[in-house]
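The chain contents come next:
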Protein chains: 2
Amino acid sequence: MQRLPGFRDYYPEDCAFRNYVFENWRRVARAFGFQEYDGPTLEPTELYKKKSGDELKTQLFRFTDQGGRDVCMKPEMTPTLARLVAARERDYRKPIKWFSISPFFRFEKPQKGRLREFYQINCDIIGDDSPAADAELIALAVALHRVFGLTEDDFFVRVNNRHLWAEFLTKQEKPIERLPEFLSIIDKLARDSAEVTAHKLKGFGLELDQIREFLATPAESVPGFGGLFRELRWRGLESFVELDLTIVRGLDYYTGLVFEIFDRKKENRSLAGGGRYDNLVSVISDGAIDLPAAGFAIGDVTFADLLRELDHTRIRIEEALGTGLSAFIVVADESRRPDAIRLASSLRQSGITVDYWFQPAKVGRQFQQAEALHAIYAIVVGQEWPQVRVKLLAERREELISIDELPALLGNKNISP
Amino acid sequence: MQRLPGFRDYYPEDCAFRNYVFENWRRVARAFGFQEYDGPTLEPTELYKKKSGDELKTQLFRFTDQGGRDVCMKPEMTPTLARLVAARERDYRKPIKWFSISPFFRFEKPQKGRLREFYQINCDIIGDDSPAADAELIALAVALHRVFGLTEDDFFVRVNNRHLWAEFLTKQEKPIERLPEFLSIIDKLARDSAEVTAHKLKGFGLELDQIREFLATPAESVPGFGGLFRELRWRGLESFVELDLTIVRGLDYYTGLVFEIFDRKKENRSLAGGGRYDNLVSVISDGAIDLPAAGFAIGDVTFADLLRELDHTRIRIEEALGTGLSAFIVVADESRRPDAIRLASSLRQSGITVDYWFQPAKVGRQFQQAEALHAIYAIVVGQEWPQVRVKLLAERREELISIDELPALLGNKNISP
């Protein structure tokens, strides 16, 4: 029997890698003062109808549950976050700084970098619309990459602001209601041919050259970015960030800042994206709560691909995964098995990772098992009890010590994967 | 807009509690030499058709996906585990000792202790059918409770073996094919009235008294339990374990040992359950792989209820959740804001949890925010730069130190939630 296409099994080595990425993300987000939250796996479909992009709506794992409800497996976090905040915003001081690490579900054609179940870390700041909040999010997004040893040679951030295109349309005397439609043309500039783009623009009475001219605007003369870029400089992020007016993001709910992180070597590979969505909390709460908000998400699939491809991160990963076993107890004298088991129980209770073989076996075979499990120490329980022979397996050193000395010895070498 | 009934939102305080439970579970399972694995949230429905109990089959979140596949959100872990092992058992040394912590989905009537999305820790040993393996699983299940301070006054384990009832039926010359049906009568003994049970037994040509007599068999005279109880004694677990012939477990795939952990004060409240399922890997692999296996699961809903109810565990929880913030930076002189931000960035890079206010504000309001966020230290950046005033907020002590000394000072007090 097979797993479904686009879904993943996590054998221990895969799970250790996943935990390694998630634990580093958690540590960095907490260092920035973000608190972890989470939502249900299943939500009412209505939650996504209001504001997500059209593409997302066609990719839902959507069904009617046994209670007759129209439900779907969550395709993204932001609507859930807006729902949580709208329900209890009075209980939390502003700005609310929250993150979550959760699985998401989209019915995509499975291919490299795209799966039907994937994880994201989502980080959001709610209740603050300053350039400092925008810069803080970009700084966190960068830090979530740098913690794995990725540098400005590996990735960079393209930032833009949807307001700029709104102003452009207004200046050209085009109807602002058509902004989403117009932005989807800009979004596809790199993928579409010049002919296709020119044809689409005709519907707006615009020429491709007008767009090209606007795209060439030098960063320093774009109004409204001064505050953000100053804040980014204070955080030492100049070398990570570029202005790019073609970045508009696919989701309908973004209102201002948008940004996307790209692989420096494969520039068409997007690692993360986000932006400001000042109206979403109000929409989700039917106007009851109005709070500015901004956030971003990093998906785990492309991110893990990048980490595994780069030599300098691959080495770190191998080191980090290492072994999980501090000691393997070798029972050399079967009459001592009850003592060996009691020893294992008491070491485990001190949080030390210990294993042993359930069945009687030759000492040599038990040592083989110890080495196969990458144990740091072998502890031989035999006739010297209550002394035991302790062998540091990598160095083949051996000494006879009392069992009372074991916790101190092993506690220092306790490495969890 | 509301969340679906039977589903949970995790606000930061809920998420911190969830993480506290899961991290302790992880640590204990690893100490026992178990490695973490995981599977997809969605599986082909076929995976559950073969061996799960009837009750489970009526509770599935089941639907047809956009590709026309009959799928369901996983209601339990064991079939997924059997699938993983069947596919790659040659790559792993026996016994395979794996655990996972994952969400599950059952369409139940939402009520105290029962939700439609809940978590379980699942622990399994595959490739070993000795009493030592059974005892090791029970020892781990007990340790996963004791790590939170729960004692034999709070919970206990009822063990049984389905073979005993198979032998009983054979001795009474009843057809062994009807064992599942018979076990479901035993499973409901406590809930059904004597009349109802007697009526059901009539279908087997059995009297209630025959059952009562068998149930009264003293533990020591039950064959086949000697090895298990000796192994349990070696692990110091006598006071946690009782033989109880009425424990048969609802799932069809159990073949031998079955056990269930109960709240000592509310004996009808089950906290965990498991058993031996020696045929499941073979069934899932259509006979290609045949490996003995046993395992158990602890659900998070009832478990968390119990932890919150007991005074001695509640106090531990409050201590463990504590604060996550090491320092709040107070900007006393706005011209020093770039320095304050650079300081925050560098402390965060050392993994220290630091926060500050994005907008200029009076020093007093910034201190209020520091206290509201339960920061351990406030760091006042002002005219003394590159020296800063550091205040231990709980004690109101204050000293002027160089920023170079900060990482060492704060590193010691870094508490992650």
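Up top is the structure these notes are about.
Residues numbered from 1 in each chain as written. Chains lettered and ligands numbered in written order. Predicted model: local features only at pLDDT ≥ 70, side-chain atom pairs only at ≥ 80, totals over all residues. Heavy atoms only, no water.

Peer 1: Which residues make up the pattern of salt bridges, and what values go with them?
Peer 2: In total, this model carries 79 salt bridges over all chains according to the counting rule given. Among the salt bridges present, the one from Asp38 of chain A reaches Arg18 of chain B, with a minimum N-O distance of 2.9 Å. Within this pair, whereas Asp38 of chain A is found in the loop between strand E1 (35–36) and strand E2 (42–44), its partner Arg18 of chain B is found in helix H1 (residues 12–31), the two belonging to separate chains. The class of Arg18 of chain B is buried, set by a relative accessible area of 7%. A salt bridge links Glu231 of chain A to Arg235 of chain A; its shortest N-O distance comes to 2.6 Å. Per residue, the accessibility class of Glu231 of chain A equals that of Arg235 of chain A, and both read buried. Each of the salt bridges in this network shares a partner with another, and the network as a whole consists of Lys97, Glu136, Glu231 and Arg235 of chain A together with Arg348 and Asp355 of chain B. (Salt bridge = Lys/Arg side-chain N within 4 Å of Asp/Glu carboxyl O. Helix = DSSP H or I, 4+ residues; strand = E, 2+ residues; numbered from the N terminus. Buried < 20%, exposed > 50% of the residue type's maximum accessible area, 1.4 Å probe, protein only.)

Peer 1: For the sheet that holds strand E3 (residues 62–64) of chain A, give the residues involved together with the corresponding values.
Peer 2: Residue and element names in this part refer to chain A. With antiparallel pairing, three strands are arranged side by side in an open sheet as E2-E4-E3. Each edge of the open sheet carries a strand with a single partner, namely E2 and E3. Pairwise comparison of adjacent strand axes, ignoring direction, gives a mean angle of 35 degrees for this sheet. Bridging between E3 and strand E4 (residues 70–73) involves three bridges; their strand directions are antiparallel. Looking at the pairing, Arg62 lines up with Cys72 of E4. (Pairing = 2+ DSSP bridges. Axes fitted to C-alpha atoms, helices over the stretch in contact; angles between N-to-C directions.)

Peer 1: How would you sum up the state of the cysteines? Please name residues and give values.
Peer 2: According to the stated counting rule, one finds zero disulfides over all chains in the structure shown. Not part of a disulfide, Cys123 of chain A finds its nearest cysteine sulfur in Cys15 of chain B, a span of 13 Å. In this structure Cys123 of chain A comes out as buried when scored by relative accessible area, which is 0%. Free cysteine Cys72 of chain B: the closest other cysteine sulfur is in Cys72 of chain A, separated by 17 Å. (Disulfide = S-S within 2.5 Å.)

Peer 1: Can you explain the relation of the copies chain B and chain A? Please cite residues and give values.
Peer 2: Expressed as a screw operation, the relation of chain B to chain A combines 0.0 Å of axial shift with a rotation of 180 degrees, fitting to an RMSD of 0.1 Å. One copy is carried onto the other by what is essentially a two-fold rotation axis. Considering only C-alpha atoms, the part of chain B nearest the rotation axis is Phe63 of chain B, at 3.2 Å. By residue overlap, the copies meet face to face through one surface: 100% of the interface positions of chain B are interface positions in chain A. (Least-squares fit on C-alpha atoms with pLDDT ≥ 70 in both. Contact = heavy atoms within 4.5 Å.)

Peer 1: Break down the interface of chain B and chain A for me, with residues and values.
Peer 2: Contact with chain B, which involves 93 residues of that partner, is made by 93 residues of chain A. Taken together, both faces of the contact between chain B and chain A bury some 7800 Å²; the carbon and sulfur share is 57%. Linking chain B to chain A there are ten salt bridges. Run the count over chain B and chain A and you get 40 residue pairs in polar contact (both at pLDDT 80 or more). Residue classes in the side of chain B that touches chain A are distributed as 42 nonpolar, 19 polar and 32 charged. (Buried area = accessible area lost by both parts, 1.4 Å probe. Polar contact = N/O pair within 3.5 Å; in protein donor to acceptor, adjacent residues only side chain to side chain. Nonpolar A, V, L, I, M, F, W, Y, C, P; charged D, E, K, R; others polar.)

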